[in-house]
Amino acid sequence: SHLSEKSSINELKSKIKELNENDLVDGILLQLPLPMGLDEGLLLKDIDPKKDVDGLHAYNLGCLLKKEDGPRCCTPAGIMALLSRNGFKVEGKRAVVIGRSILVGQPMALMLQAANATVTVAHSKTKNLASLTKQAEIVVVAAGQPNMIGKEHLSKGSVVIDVGIHRIIKTSGKASLCGDVRFQEVEPFVQAITPVPGGVGPMTVAMLLVNTVN
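Thresholds applied
- Residues numbered from 1 in each chain as written.
- Predicted model: local features only at pLDDT ≥ 70, side-chain atom pairs only at ≥ 80, totals over all residues.
- Heavy atoms only, no water.
- Helix = DSSP H or I, 4+ residues; strand = E, 2+ residues; numbered from the N terminus.
- Rg over C-alpha atoms; globule rule 2.2 N^0.38 Å.
- Buried < 20%, exposed > 50% of the residue type's maximum accessible area, 1.4 Å probe, protein only.
- Contact = heavy atoms within 4.5 Å.
- Lys, Arg positive; Asp, Glu negative; His and termini not counted.
- Charge placed at Lys NZ, Arg CZ, Asp CG, Glu CD.
- Pairing = 2+ DSSP bridges.
- Arc of directions from axis to C-beta.
- Polar contact = N/O pair within 3.5 Å; in protein donor to acceptor, adjacent residues only side chain to side chain.
- Salt bridge = Lys/Arg side-chain N within 4 Å of Asp/Glu carboxyl O.

Student: Help me understand the overall build of the protein chain in this model?
Tutor: Scanning the protein chain from terminus to terminus reveals 8 helices and 7 strands. Whereas a compact globule of 214 residues would reach a radius of gyration of roughly 17 Å, the protein chain reaches 18 Å, a difference of no more than 12%. Counting only C-alpha atoms and orienting by the principal axes, one finds that the protein chain spans roughly 50 × 45 × 30 Å. Residue burial in the protein chain is summarised as follows: out of 214 residues, 40% are buried. Taking as baseline every contact in the protein chain between residues at least 6 positions apart, the subset at least 24 positions apart corresponds to 59%. Of the side-chain charges in the protein chain, 24 are positive and 21 negative, and the distance between the mean point of each set is 8 Å.

Rendered as structure tokens:
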């Protein structure tokens with residue numbers, strides 16, 4: 001359903017109710033971020049937890065916390081699948097997650113903990129960030145700041161997951177995409193790093209479809 005960015009909260013709530021009650025609809029995703037003035041928390045709460053393919057309803061986040069079955073947040077779940085598929089074992093590893101959003105950072109930390117990693121969550125108030133990240137074998141960067149993380153933040157041989165994606169206008173006037181990590185600088189130094197674009201993004205979509213099928 002495509003609604004105008006000028007839609008009221010009541011219009012969106014009405015649309016979600018309609019989709020909840022429609023037996024032909026298997027999954028509902030509220031595309032974030034919302035236009036200014038709309039409270040995503042109120043709207044996410046209205047989605048039927050059984051149709052919440054983004055895994056962001058409080059009930060499903062609670063299931064993640066309690067290690068119970070349910071749809072998992074797509075980006076963190078996609079990252080866990082990437083690590084597993086490429087043979088990077090999480091158990092016993094030291095991991096740092098940069099960012100504490102409900103969309104990525106918080107559920108990412110919970111999933112890594114559930115896989116028996118030792119996890120530190122860093123954020124905008126963290127002091128001496130590099131001293132934490134240099135100790136980590138797995139670094140998930142979801143800070144939302146372009147080119148924030150460089151070689152000086154990482155240990156040699158670490159695995160780096162870059163969740164950020166930013167559109168940067170170059171001096172030539174051309175636009176390019178970059179992540180939260182300075183890829184060219186970091187790529188020869190680390191064991192593995194996800195590209196931007198083409199890394200975490202497609203995995204997010206894949207896990208959304210996994211949730212829908214399930």
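Student: What's the story with the pairing of strand 4 (residues 159–162) in this structure? I'm lost.
Tutor: The side chains of a regular strand alternate, first on one face of the sheet and then on the other. Side chains of strand 4 alternate between two faces, with V159 and I161 and V160 and D162 buried alike. Alignment of strand 3 (residues 138–141) against strand 4, held across 4 bridges, turns out to be parallel. Each residue of the ladder has a partner; that of I138, found in strand 4, is V159. Where strand 4 lies against strand 7 (residues 192–193), 2 bridges are found, and the strand directions are parallel. Its bridge partner being in strand 7, V159 is matched across the sheet by A192.

Student: Explain the sheet that holds strand 7 here, please?
Tutor: Across a sheet, strands are paired by hydrogen bonds formed along the backbone, either parallel or antiparallel in direction. With parallel pairing, the 5 strands of this open sheet are ordered in space as 2-1-3-4-7. In this open sheet, the two strands that pair with only one neighbour each are strand 2 (118–122) and strand 7.

Student: Would you take a moment to explain helix 3 (residues 58–65) for this structure?
Tutor: Counting along an α-helix, one turn takes 3.6 residues, and residues three or four places apart therefore face a common direction. For helix 3, every residue scored as buried is listed here: N60, L61, C63 and L64. Along the axis of helix 3, the buried residues cluster in a sector spanning 155 degrees; they form a single face. Turned more than 90 degrees off the buried face of helix 3, the exposed positions are A58, Y59 and L65. Where the residues of helix 3 are buried, they touch helix 5 (105–114). One or two positions beyond helix 3, positive phi appears at K67, with a value near 60 degrees.

Student: Would you mind showing me how to read the side chain of S158 here?
Tutor: With respect to the secondary-structure elements, S158 resides in the loop between strand 3 and strand 4. Within the structure, the side chain of S158 is placed 2.9 Å from the backbone oxygen of S155, a separation counted as a polar contact. Contact partners of S158, with chain neighbours within four places excluded, come to A136, E137, V190, Q191 and A192.

Student: What is the right way to read the environment of P76 from this model?
Tutor: If you trace the backbone, P76 turns up in helix 4 (residues 74–85). Classification of P76 as buried rests on a relative accessible area of 0%. P76 sits 30 residues away from Q106 along the chain, and the two C-alpha atoms are 9.1 Å apart. Non-local contacts of P76, meaning those with residues more than four positions away in its chain, are made with L103, V104, P107, M108 and M111.

Student: Whenever I open this one, the pattern of salt bridges confuses me. Can you help?
Tutor: Side chains carrying opposite charge are able to pair once their charged atoms draw close together. For the structure shown, the criterion picks out 7 salt bridges. Notably, a salt bridge pairs K17 with E21, separated by 2.8 Å at the nearest N-O pair. Residue K17 and its partner E21 are located together in helix 1 (residues 9–21), separated by 4 residues, close to a single helical turn. You'll find K17 and E21 in the same group, each marked exposed.

Everything listed here is a matter of geometry and, on its own, says nothing about what the molecule does.
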